[in-house]
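Close look at the chain arrangement
Chain residues, written in single-letter form:
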Amino acid sequence: MSNITYASINDDILKSLEPPGKAWLASFLVIITALGMGIFAFAYQIRHGLEGSGINNPIGWGVYITNFVFWVGIAHAGTLISAVLYLVRAPFRTSIYRASEAMTVFSVMTAGLFPLIHIGRVWNFYWLIPYPNQRLLWVNFKSPLLWDVFAVNTYMSVSIAFFLLGLIPDFASVRDDSKGLKRLIYALPSLGFRGTNHQWLHYMRAYLLFAAICTPLVFSVHSIVSWDFAMGSIPGWHTTIFPPYFVAGAIFSGCAMVLTIMIPMRFIFRGFDEIIKIKDLEGMAKMIIFTGIVVSYAYASEFFIAYYSGAKYEKALFWYRPFGELKLFFWGMIFCNVISPIPLWSKKIRTNIPALFVISILVNIGMWLERFNIVVTSLAHDFDPYAWANYKFQWVEIYITIGSFGWFLMWFFLFVKIMPSLAVAELKEALNPPLRSAK
Amino acid sequence: MSKEFSGVWATFEYLDDTCNSIKELRKEGYRQLTTHTPCPRHEIDHALGNPQSSIPWFTLFGMFCGSTLAVVIMVFMTLDWVLPVSGKPVISVPSMGPIFFELSVICAIWITLFGTVGLILKDTFGTPRPTSKRYKGYDRFMRDRFGVVVPCSEHDYEKVEAIMNRYQAEEVHREA
């Protein structure tokens, strides 16, 4: 720890911007292949319509909406880490927040694709936007679906702004460390930043305001996403617990994704292991424990309310989830989200990197399954037994889901080679400053 | 670029030396100081007398713009195409909450960002700074060195240099 200095932080982080090696290129090829699969399947869907997905009547929302909610959830951790943990001055935030913010931006970009993919006739996407059209008809401002359009766009826009603001001083560090064309390229986004008192003053005040404004946004976005469901009358959806349940679930999955991304980064880039310390990862593991408990409580509460309310449709649905045709998804969710985080209660496991990595992946899988359970099982088993149906996965939606991971990872891989993936200035700020009196 | 500049600038390895020199310079009446630090440091703010930023006004302005825009579009569009549902009010204030909030946030954030970029650019191009190659090419301010720039007349060069040297500045340069 003591051998970390302002200069060594600069050197270690800026080293990650060196030209990519063979491992990076090979991984990128795999990612591009995954993205290609998604693009191919989407092109097929444009040509043939939604018959390529498992969507049917009554299950009108399937894998695409599941993916949408999943990716919005992943995005949550970034803003939580950059805004909420900044306001409460959590010490484990500094080393991981830049990559988490990037993760937020790229996951919202991924999430934003799914409503477009889901609507089938993607060329009519602009009907979601309030604009003066030839039918003189405006959008319905009382619909939670429209609130969601505003919420997700605001979230994406704000995440990008927050991300860009944080990058200004770090671009200046890269500029000062480079020569020739590279220096010129980084000089433009660094806005002539040279760390003057005036520049830091405005920058820090803006950063604080961003954090303060983004904090309620962390809670509002997934609450609004949850209203897409909770304001419907379908059993399993129409419940007041959804907003806190969704927010906790989002933070749970987002923290897990942060670990899934940060652990390999720490391993790949030399010097990052000194900056991203075990206790930082442990901090994320503790967040997973806490939000995992909230999520488990929400699962239990849903079942209890279904029983205690006496509502027969609710009871039927909550019997169907663990024992119906889609029971594997339910039990998979319980294993991944309720049981797999339990070992994290032990400090030995929390500080064991391979164990953390495995648990983070299980939680990610579990949270996808949770969204699938919410979206699909409720629609599969609503009020009228005549309308009940099962959901069968089709290759198009599977390819598009794989493609979404390719899309997300493509941006992330480009990010680690183009931008400082750890926050240079904030890491320096967290260090003890060089003092003659301390010599 | 920067206006014509006359003064002295120095670099320091240690934060406490930098703060002490700033305090003494301010005591001697040099108030228009510019400092350079690799990261934000509150010690420098305290030494400079805790200056305040005008950024919050941009945020407040943005928030008012966003909230006004939200109310205007929702009321106008709802009245332009009346869609009564189950006897509920056509203009329903509770249902305006989410869009009111989201548009307030989005406008506040973007106007704050543009304000910040504008103020940073104003400082970059509007504040008088040394114009020499040595100053412009000095690339350790964002890395690991602290700097103090003092605008002053020729007569004060020696006095300012003496203060910088007293606090063990690494380099001290005159700029005429």
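Looking at the secondary structure, you find B:Thr34 in strand E2 (residues 34-36). Setting aside residues up to four positions removed in sequence, B:Thr34 forms contacts with A:Thr196, A:Asn197, A:His198, B:Thr127, B:Arg129, B:Gly147, B:Val148 and B:Val149.

Moving on, we get to the layout of surface pockets. Computed from the structure, the largest pocket encloses a volume of approximately 930 Å³. Broken down by secondary-structure element, the contributors of at least two residues to the lining of the largest pocket are helix H3 (63-87), helix H7 (197-230), helix H9 (272-275), helix H10 (278-309) and helix H16 (424-430) of chain A together with helix H2 (42-47) of chain B. It is H7(A) that contributes the most residues to the lining of the largest pocket, 6 residues altogether. Here the residues of the lining of the largest pocket are counted per class, giving 20 nonpolar, 11 polar and 12 charged.

When its domains are assigned, chain B resolves into domain 1 (7-52 + 126-175) and domain 2 (55-121). On a C-alpha basis, the centres of domain 1 of chain B and domain 2 of chain B stand 44 Å from each other.

The interface of chain A with chain B comprises 65 residues on the first partner and 66 residues on the second. Our enumeration of links across chain A and chain B arrives at 2 salt bridges. Between B:Arg143 and A:Asp11 there is a salt bridge whose closest N-O contact spans 2.8 Å. Secondary structure elements with two or more residues in the side of chain A that touches chain B: helix H1 (6-15), helix H5 (144-177), H7 and H16 of chain A.

Moving on to the pattern of salt bridges. Oppositely charged side chains may form a pair once their charged atoms are brought near each other. Residue and element names in this part refer to chain A. Under the counting rule described, the total for this entry stands at 17 salt bridges over all chains. Linking Glu426 and Arg93 is a salt bridge whose minimum nitrogen-to-oxygen distance equals 2.7 Å. Of this pair, Glu426 sits in helix H16 while Arg93 is found in the loop between H3 and helix H4 (97-118), placing the two residues 333 residues apart along the sequence. Classification of Glu426 as buried rests on a relative accessible area of 11%.

All names here are of chain A. Residues Phe40, Phe393, Trp395, Ile398, Tyr399 and Ile402 make up a contiguous nonpolar surface patch of roughly 520 Å² in combined accessible area. Here Phe40 lies in helix H2 (residues 22-48). By relative accessible area, Phe40 is classed as exposed at 51%.

With that settled, consider the packing of H5(A) against helix H4 (residues 93-126) of chain B. The relative placement of two packed helices is expressed as an angle between their axes plus a distance between the axes. Across the interface, H5(A) lies against H4(B) with an axial gap of 9 Å and an inter-helix angle of 20°. Taken as axis vectors, H5(A) and H4(B) run roughly parallel relative to one another. The element H5(A) and its partner H4(B) pack so that their crossing is left-handed. Between H5(A) and H4(B), the contacting residues are A:Leu146, A:Trp147, A:Phe150, A:Ala151, A:Asn153, A:Thr154, A:Ser157, A:Val158, A:Ala161, A:Leu165 and A:Ile168 on the first element and B:Ser95, B:Pro98, B:Ile99, B:Glu102, B:Leu103, B:Val105, B:Ile106, B:Ile109, B:Trp110, B:Leu113, B:Thr116 and B:Ile120 on the second. Here the residues of the contact of H5(A) with H4(B) are counted per class, giving 17 nonpolar, 5 polar and 1 charged.

What follows is about the nonpolar core. Core analysis: the largest hydrophobic core is formed by 173 residues, its most contacted members being A:Met103, A:Met262, A:Met265, A:Phe412, A:Leu422, B:Leu25 and B:Met164. For this core, the element with the highest residue contribution is H3(A), accounting for 17 residues. When residues are assigned to domains, this core turns out to be shared by domain 1 (7-52 + 126-175) and domain 2 (55-121) of chain B, each giving three or more. With residues up to four places along the chain from it excluded, the contact list for A:Met103 reads A:Ile74, A:Ala77, A:Gly78, A:Gly254, A:Met257, A:Val258, A:Ile261, A:Phe408 and A:Phe412. Counting 17 residues, the second-largest nonpolar core is a separate cluster that includes A:Trp147, B:Met74, B:Met77 and B:Cys107.

What counts and what doesn't
Residues numbered from 1 in each chain as written. Chains lettered and ligands numbered in written order. Predicted model: local features only at pLDDT ≥ 70, side-chain atom pairs only at ≥ 80, totals over all residues. Heavy atoms only, no water. Helix = DSSP H or I, 4+ residues; strand = E, 2+ residues; numbered from the N terminus. Contact = heavy atoms within 4.5 Å. 1 Å grid on protein atoms, 1.4 Å probe; cavity = no way out; pocket = protein on both sides within 12 Å on 5 of 7 lines; lining within 4 Å. Points joined across faces, edges and corners; volume = space filled by probe spheres on them. Nonpolar A, V, L, I, M, F, W, Y, C, P; charged D, E, K, R; others polar. Domains from an automatic or database assignment. Salt bridge = Lys/Arg side-chain N within 4 Å of Asp/Glu carboxyl O. Buried < 20%, exposed > 50% of the residue type's maximum accessible area, 1.4 Å probe, protein only. Patch = residues over 30% accessible without salt bridge, like charges linked within 9 Å, V, L, I, M, F, W, Y side chains within 5 Å. Areas by Shrake-Rupley, 256 points an atom, 1.4 Å probe, with all protein chains shown as cover. Axes fitted to C-alpha atoms, helices over the stretch in contact; angles between N-to-C directions. Parallel < 35°, antiparallel > 145°, perpendicular 65-115°, else oblique. Left-handed = near helix turned anticlockwise from the far one by under 90°. Core = buried A, V, L, I, M, F, W, Y, C linked by side-chain atoms within 4.5 Å.

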